[in-house]
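One-letter residues, chain by chain:
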Amino acid sequence: MDPYKYRPSSSYNAPYWTTNAGAPVYDNNSSLTVGVRGPILLEDYHVVEKLANFARERIPERVVHARGATAKGFFEVTHDVSHLTCADFLRTPGVQTPVIVRFSTVIHERGSPETLRDLRGFAVKFYTREGNFDLVGNNFPTFFVRDAMQFPDSIHALKPNPKTHIQEYWRILDYFSHKPESLHTFIFFFDDVGIPLNYRHMEGFGVHAYTLINRAGKASYVKFHWKPTCGVKCLMEEEAIRVGGSNHSHATKDLYDSIAAGIYPEWKLFIQIMDPADQDKFDFDPLDVSKTWPEDILPLQPVGRLVLNKNIDNFFNENEMLAFNPGHVVPGVYYSEDKLLQVRIFSYSDTQRHRLGPNYMQLPVNAPKCAHHNNHYDGFMNFLHRDEEVDYFPSRFDPVRHSETYPIPPAVLHGRRERQIIPKENNFKQPGEKYRSWDPARQERYVRRWVEALSDPRVTYEIRSIWVSYWTEADRSLGMKLANRLNVRPTM
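These notes cover the structure that comes with them. (Residues numbered from 1 in each chain as written. Predicted model: local features only at pLDDT ≥ 70, side-chain atom pairs only at ≥ 80, totals over all residues. Heavy atoms only, no water.)

### Section: the packing of helix α11 (residues 461-474) against helix α12 (residues 476-486)
Consideration 1: Put simply, α11 and α12 touch, their axes get as near as 5 Å, and they point 155 degrees apart. Classed by the angle they form, the pair α11 and α12 counts as roughly antiparallel. Taking contact as the criterion, the partners of Arg464, Val468, Trp471, Thr472 and Ala474 in α11 are, on α12, Arg476, Leu478, Gly479, Met480, Leu482, Ala483 and Leu486.
Consideration 2: Along the lines of polarity and charge, the residues of the contact of α11 with α12 split into 8 nonpolar, 2 polar and 2 charged. (Axes fitted to C-alpha atoms, helices over the stretch in contact; angles between N-to-C directions. Helix = DSSP H or I, 4+ residues; strand = E, 2+ residues; numbered from the N terminus. Parallel < 35°, antiparallel > 145°, perpendicular 65-115°, else oblique. Contact = heavy atoms within 4.5 Å. Nonpolar A, V, L, I, M, F, W, Y, C, P; charged D, E, K, R; others polar.)

Encoded structure:
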């Protein structure tokens, strides 16, 4: 008998019940007892194992992005970008790469309704021939804070009160009243897009600036944009209450049912390109994650299309154990100096090792689909079969070698160690421009949501005044509307 033939898989299910060790179970309904009425004997190994497994079915949920839905499909290049990057999966139009995509809400728990006002995660794992590329973004193009030092505090403020476990606006508005850079993300948060109709009618953004490098070694900063072919649609508050009240998993169900019916969700991928030599020409820092790049100066360029045409086989295996990491890039794609991105490179893999263990990359959904080789050995739950005698490098007994070199950003960095805020904050211009781009009805809905949030009884007059001052800086008419309805005066 081949001991490796029947690896753990439902395709090798026996026609009868067994223990985890494969021993037959002739009664999966009744415990082993003394007499008909009991008590139950501890020697009933099967009932002990069954309950022990049941008590351990859950793993730690994600601190953020706990509530999610996943689907599979492909990414196809439709436009030539080989002059910008040497990435193999972008090498020429027509190339297709298998992907898995996870959509999520950000702040709330794993079982929370999908109709709550929140950011939405939009994470794409490309299984390329050169390894996995994880583009881990959101449905907003910006984020609340620009320095990762502030990320835990910002999430704590957005999460429920640790005493009552209730999300409360006084906590959110108190914390972010110290962070005027958050205004740009709040423009999206309290806008209609704060509650998407579902995942299919939602934009996605890489959020950060990344770097593309071509074969000649020329580097370009890049921002990624996903545009749904079926358009962007949102839920108004009354609709969200009705939809969420009837089905708190409406977006997950919509995604699954659409794919099952052959109505495959599709997004077009666009990029914005900036020459690093031009970054000082703007009145903001292009690597500031609280900013967007002006499309009239840096237009969207089409790259390809993302199609989701297959539902996952198992929610736990391919959603709960699916792990993303912005540190996973491939030749031709690299990071930028964005302060928030730099720490995400570390923290995402750190949280996955906590949730799933040190060998989480061996799980089928996370493992690359190309040949790979390293000496990252053993550890908890290692299940990779290896028969090598050499587990070090280099060795004259193992022919493995270094890969061919590929270009990385050539820029020379210099500076002294210091903790500082970036010089070009410019926190108010872009939020004001976005507000003025809306029609009057959309502006009114936005004002109304802010008035409701600032009317929380625990929001102090000082905090209200600060927010009114911020929005007056962004747009005077917006600030005056808030001031009049809240009966406060700006402090700035």
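### Topic: the environment of Thr292
Consideration 1: With respect to the helices, strands and loops of the structure, Thr292 is situated in the loop between β8 (266-274) and β9 (301-311).
Consideration 2: Residue classification places Thr292 among the partly exposed positions, given a relative accessible area of 23%.
Consideration 3: Through-space distance from the C-alpha of Thr292 to that of Tyr127 is 28 Å; in sequence the pair is 165 residues apart.
Consideration 4: Among all residues touching Thr292, those that are not within four sequence positions of it are Pro141, Thr142, His184, Lys223, Phe284 and Gln430. (Buried < 20%, exposed > 50% of the residue type's maximum accessible area, 1.4 Å probe, protein only.)

### Focus: the state of the cysteines
Consideration 1: Throughout the structure, instances matching the rule amount to 0 disulfides.
Consideration 2: The structure places no disulfide on Cys230, whose sulfur is separated from the nearest cysteine sulfur, that of Cys234, by 12 Å.
Consideration 3: With no disulfide of its own, Cys370 has Cys86 as its nearest cysteine by sulfur position, at a separation of 15 Å. (Disulfide = S-S within 2.5 Å.)

### Let's talk about the pairing of strand β3 (residues 120-128)
Consideration 1: Most of β3 is tucked away: 9 of the 9 residues are buried.
Consideration 2: By the alternation rule, side chains of β3 split into Arg120, Phe122, Val124, Phe126 and Thr128 and Gly121, Ala123, Lys125 and Tyr127, which are all buried.
Consideration 3: The pairing of strand β2 (residues 96-105) with β3 spans 7 bridges and is antiparallel. Each residue of the ladder has a partner; that of Ile100, found in β3, is Lys125.
Consideration 4: As judged from the 8 bridges shared by β3 and strand β4 (residues 131-138), these two strands associate in the antiparallel manner. Across the sheet, the residue bridging to Val124 is Leu135, located in β4.
Consideration 5: Where β3 folds back on β4, the antiparallel hairpin that results is connected by 2 residues. (Pairing = 2+ DSSP bridges.)

Worth remembering: the numbers are spatial, not functional.
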